[in-house]
Amino acid sequence: MVQDIEIEIDPSFLQPSDHRPRPKAIDADDVAGEIPIIDLSKSEDLVSEIGRACQKWGFFQVINHGVPIELCRKTEATAKKFFEQTPEEKKKVKRDEVNAMGYHDGEHTKNVRDWKEVFDYLVGNTTTIPASHEPHDSKLRILTNQWPQYPPEFRETLEEYAREVEKLAYKLLELTSLSLGLPADKFNGSFKDQTSMIRFNHYPPCPFPHLALGVGRHKDAGALTVLAQDDVGGLEVKRKSDGEWIPVKLTPDAFIINVGDTIQVWSNDRYESVEHRVVVNTEMERFSVPFFFMPSHYVWVKPVEELVNEHNPARYREYNWGKFFANRNRSDFKKRDVENIQIHHFRIME
Ligand SMILES: O=C(O)CCC(=O)C(=O)O
Ligand SMILES: [Fe+2]
């Protein structure tokens, strides 16, 4: 006779009860179309559509975005081959405190472990960041990508993907800038030595989808995120109007775009970086690929002068992007007892 063996969740994955997905969550079909889908091939109204989406949701999807669809498919297939390997193989390109790029299966969001494994690589192959988060430590560190041997086409495919999505990221940055009434290239210079990174997320099926999350609720710290996902679904966005978690509708061959903390500060809160999370399920694995478009380490982030005046004073003190990034990444390897650094720590109290 087969006995039912009750498996218990490893407590490191257990979400606090008020952050677990509710059993009867909103049905994706009921809210379909709420988060705007924007066609980038049309020129009319594009800037104002993006502005409205950024203001109302902090999220939108784009279609006809110019990234070749075959390349997206090939990239996803290549990533799958990598994740199908044994843990020992994958750990040959393990991320650690020195080498921050590569494979990792122990990431924490808000001090709870995520039900996922990831592979991270830099858009520019190398980048410079502060050696530590300590404010007075001026030493720098160079990060370099690590590439696995298998599959053989991995590096070439991922590098090509990075180049294509980077073009889209710049285009979206320029449209966002125009939508704020600023020159298209207002922010481009901040990305000259960008720290941008692409992440492959693999969410295996999870026996405890009511207790754990693929990624816990969080806001992205960079300027913009350009996310590709497969056809499984699981991303949820916190609706600004009422705080409900809204599932993002699956749209074939679209990218999901969201505003990160950096644009929230640059825009002096005109656009907000919205919380999101990933729910998992018992049956299907899921893949997603965010491109985190992030400034150079030496950029000081503060509300842009054009958007600040005596009636609308700056709401943030300036902060150094590299230090903020280094500080945020401290929690990736272990659970910490304190809250991670967040932009509200730089908010000027009224
Ligand atoms: O997998 C997703 O849909 C989103 C992942 C995400 O939010 C992140 O990696 O920051
Ligand atoms: Fe995110």
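Scroll up for the structure.
Residues numbered from 1 in each chain as written. Chains lettered and ligands numbered in written order. Predicted model: local features only at pLDDT ≥ 70, side-chain atom pairs only at ≥ 80, totals over all residues.

Q: Report on the pairing of strand S11 (residues 224-229), specifying residues and quantitative values.
A: Within S11, six of the six residues are buried, leaving the element largely enclosed by the surrounding structure. Burial along S11 is two-sided: Leu224, Val226 and Ala228 and Thr225, Leu227 and Gln229, pointing in opposite directions, are all buried. The sheet contact formed by S11 and strand S14 (residues 255-259) spans four bridges and is antiparallel. Bridged to Leu224 within S14 is Val259. The pairing of S11 with strand S16 (residues 286-293) spans six bridges and is antiparallel. Along S16, the bridge assignment pairs Ala228 with Val289. (Buried ≥ 20, exposed ≤ 12 C-beta atoms within 10 Å, placed from the backbone. Helix = DSSP H or I, 4+ residues; strand = E, 2+ residues; numbered from the N terminus. Pairing = 2+ DSSP bridges.)

Q: Now, about unusual backbone geometry: what can you tell me, with residues and values included?
A: Here Tyr150 and Pro151 are connected by a cis peptide whose omega angle stands at -5 degrees. Mapped onto the fold, Pro151 is located in the loop between strand S8 (140-144) and helix H4 (154-179). Phi is positive for Asn64, close to 50 degrees, though the residue is something other than glycine. Turning to its location among the elements, Asn64 is positioned in the loop between strand S2 (59-63) and helix H2 (69-83). By C-beta crowding, Asn64 is classed as exposed, having 11 other C-beta atoms within 10 Å.

Q: Quick rundown of the sheet that holds strand S3 (residues 102-104)? Include the residues and the values.
A: The pairing of strands in a sheet happens through backbone hydrogen bonds and is either parallel or antiparallel. Sheet architecture is open: eight strands sit in the order S1-S2-S14-S11-S16-S9-S6-S3, paired in mixed fashion. Both edges of this open sheet fall to strand S1 (37-39) and S3, since each of them pairs with a single strand only. Neighbouring strand axes in the sheet, compared pairwise and without regard to direction, differ in orientation by 25 degrees on average. Where S3 and strand S6 (residues 117-122) come together, three bridges link them in antiparallel fashion. Bridge assignment links Tyr103 to a residue of S6, and that residue is Phe119. Lying on the sheet, H2 is in contact with S6, strand S9 (197-203), S11 and S16; it crosses S16 at an angle near 115 degrees. (Axes fitted to C-alpha atoms, helices over the stretch in contact; angles between N-to-C directions. Contact = placed C-beta atoms within 7 Å.)

Q: Give me the nonpolar core: which residues, what numbers.
A: Judged by nonpolar contacts, the single largest core of 76 residues is most densely connected at Ala169, Leu224, Val226, Phe255, Ile257 and Phe293. Of all the elements, H4 adds the most residues to this core, at 10 residues. Excluding residues that lie within four positions of it along the chain, Val226 makes contacts with Val165, Leu168, Ala169, Leu172, Phe255, Ile257, Phe291 and Phe293. (Core = buried A, V, L, I, M, F, W, Y, C linked by C-beta atoms within 7 Å.)

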